[in-house]
Amino acid sequence: PAPAPAPAPAPATDTPAAAAGRDEAAPSESKENEQQQPARQLRPTRAKTAKLLEVASAEPVKKITQSLDIALAPVDGSLLSDYNSLLCQHVELYQDTSGSKAKVGARCKLCVGMDGNQGTAASYLASSISFISPNIGNIGTRHLLGGKCPAMPPGVAEKLKVMRKASMAQTRMPGRIGLDAYCRDLAARNGIVPHSSGGGIFHSGRSVVAAA
C-alpha cells in the first residue's frame, strides 16, 4: 500500500518562549533609549550655562571714583574766555580706581551724584594730558548745551550758548589763554601725570607750587 502523506506543517504561531523573548527585548531597547536620552539633553544645558556665563561676564563693573581736590575753575575769571570760565565752574576732575590702575577724567559736577542717571556725555576719562581740554569741551557741547544734564539749573544753558559765540574772540585777547594751555598748566601744577606704561593719566599727589 502507498505510504500515507506527511502531515502539513502547522501554521507558525508564537510560542510562549518566543513571546517572552520579544517581551524581554522590548525593555532592553527601552533602557538603551533611556540611557541615550540624558546624553542628548546635556547639550542645551551646557549651551544655557555658557550663555549665563557670557551674560555675567558682560555685566558692567561698578565704578569706584573720587573727586580730586583740584579747583578746575580759575581764580582769575579773566584768564579764560567767559564761556570756558563758566564751563569749568560746572565740571570737575575725578579719579577712577575701578581698574588695575587709577585714571583721571572730567565729569559734570551738577549730576555727579545721580548714579545711572547722569545723562549722555556726562564724564570722560582722559587717555593723555592733551585730552583733558577736549573732554571738558565735549561735556559742554554734548551734555550741558545738548540738554542731557538732568540737574541743569535754569538759565545756565542759555548763558553758555550766548557766551560760546564770543569765546574764540575773547581767547585771542591779551592776558587770556585757551582752555588747552590752561588744562596742561593745571595738570603740571597739581601732579597729574601719564602712566609710564601708557593708557591714561593719574593724580600722583605731588603738587607743584607755582612760581611767584
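Please read these numbers as outputs of a predicted model, since none were measured by experiment.

Trainee: Before we move on, can you summarise the pattern of salt bridges with the specific residues and values?
Mentor: The full count for this structure, using the stated rule, is 4 salt bridges. Between R184 and D180 there is a salt bridge whose closest N-O contact spans 3.0 Å. Here D180 and R184 lie together in helix 5 (residues 179-189), a separation of 4 residues that amounts to about one turn. Its relative accessible area of 34% is what places D180 among the partly exposed residues. For the salt bridge of D185 with R189, the shortest nitrogen-to-oxygen distance reads 2.7 Å. Of this pair, D185 and R189 are both found in helix 5, 4 residues apart, which corresponds to roughly one turn of the helix. Residue classification places R189 among the partly exposed positions, given a relative accessible area of 27%.

Trainee: Lay out unusual backbone geometry in plain terms, naming residues and giving numbers.
Mentor: Backbone geometry places A121, a non-glycine residue, at a positive phi of 60 degrees. Topologically, A121 is positioned in the loop between strand 3 (103-108) and strand 4 (123-125).

Trainee: Run through the side chain of S85, naming residues and quoting values.
Mentor: Mapping S85 onto the fold places it in helix 2 (residues 82-89). If sequence neighbours within four positions are ignored, S85 has contacts with P74, G77 and L80.

Trainee: Hey, could you go over the packing of helix 3 (residues 132-144) against helix 5 for me, with residue numbers and the actual values?
Mentor: Where helix 3 contacts helix 5, the axes come no closer than 8 Å and their chain directions differ by 120 degrees. Looking at the two axes, helix 3 sits oblique to helix 5. Once helix 3 is placed against helix 5, the crossing between them reads as right-handed. Between helix 3, through I132, S133 and I136, and helix 5, the contact on the second element is made entirely by L179, D180, C183 and A187. Split into classes, the residues belonging to the contact of helix 3 with helix 5 amount to 5 nonpolar, 1 polar and 1 charged.

Trainee: Which residues make up the sheet that holds strand 1 (residues 65-67), and what values do they have?
Mentor: Overall, antiparallel pairing links the 4 strands, which are arranged 1-2-3-4 in an open sheet. Edge strands, defined here as strands with exactly one partner in the open sheet, are strand 1 and strand 4. Geometrically, the sheet is characterised by an average inter-axis angle of 30 degrees between neighbouring strands, direction not taken into account. Of the strand pairs in this sheet, strand 2 (residues 91-96) and strand 3 are connected by 6 bridges, and their pairing is antiparallel. The partner of L93 across the bridge, within strand 3, is A106.

Trainee: Lay out the pairing of strand 3 with the relevant residues and their values.
Mentor: The element strand 3 is largely enclosed, with a buried count of 5 among its 6 residues. Hairpin connection of strand 2 to strand 3: 6 residues between the antiparallel strands. Inspection of the sheet shows strand 3 paired to strand 4 by 3 bridges, in the antiparallel sense. Across the sheet, A106 pairs through a bridge with Y124, a residue of strand 4.

Trainee: I'd love a proper account of helix 2, names of residues and values included.
Mentor: Of all 8 residues making up helix 2, 6 are buried, and the element is well covered by its neighbours. Every buried residue belonging to helix 2 is among Y83, N84, S85, L86, L87 and C88, and all of these are buried. For helix 2, the secondary structure elements touched by its buried residues are strand 2, helix 3, helix 4 (156-171) and helix 5.

Trainee: Account for the environment of L110, naming residues and giving values.
Mentor: Looking at where L110 falls in the secondary structure, it is placed in the loop between strand 3 and strand 4. Exposure remark for L110: the relative accessible area of 26% places this residue in the partly exposed category. Along the primary structure L110 and Q89 are separated by 21 residues, whereas in three dimensions their C-alpha atoms are 9.8 Å apart. When neighbours within four sequence positions are excluded, L110 is seen to be in contact with H90, L144, C149, A151, M152 and P153.

What counts as what
Residues numbered from 1 in each chain as written. Predicted model: local features only at pLDDT ≥ 70, side-chain atom pairs only at ≥ 80, totals over all residues. Heavy atoms only, no water. Salt bridge = Lys/Arg side-chain N within 4 Å of Asp/Glu carboxyl O. Helix = DSSP H or I, 4+ residues; strand = E, 2+ residues; numbered from the N terminus. Buried < 20%, exposed > 50% of the residue type's maximum accessible area, 1.4 Å probe, protein only. Contact = heavy atoms within 4.5 Å. Axes fitted to C-alpha atoms, helices over the stretch in contact; angles between N-to-C directions. Parallel < 35°, antiparallel > 145°, perpendicular 65-115°, else oblique. Left-handed = near helix turned anticlockwise from the far one by under 90°. Nonpolar A, V, L, I, M, F, W, Y, C, P; charged D, E, K, R; others polar. Pairing = 2+ DSSP bridges.

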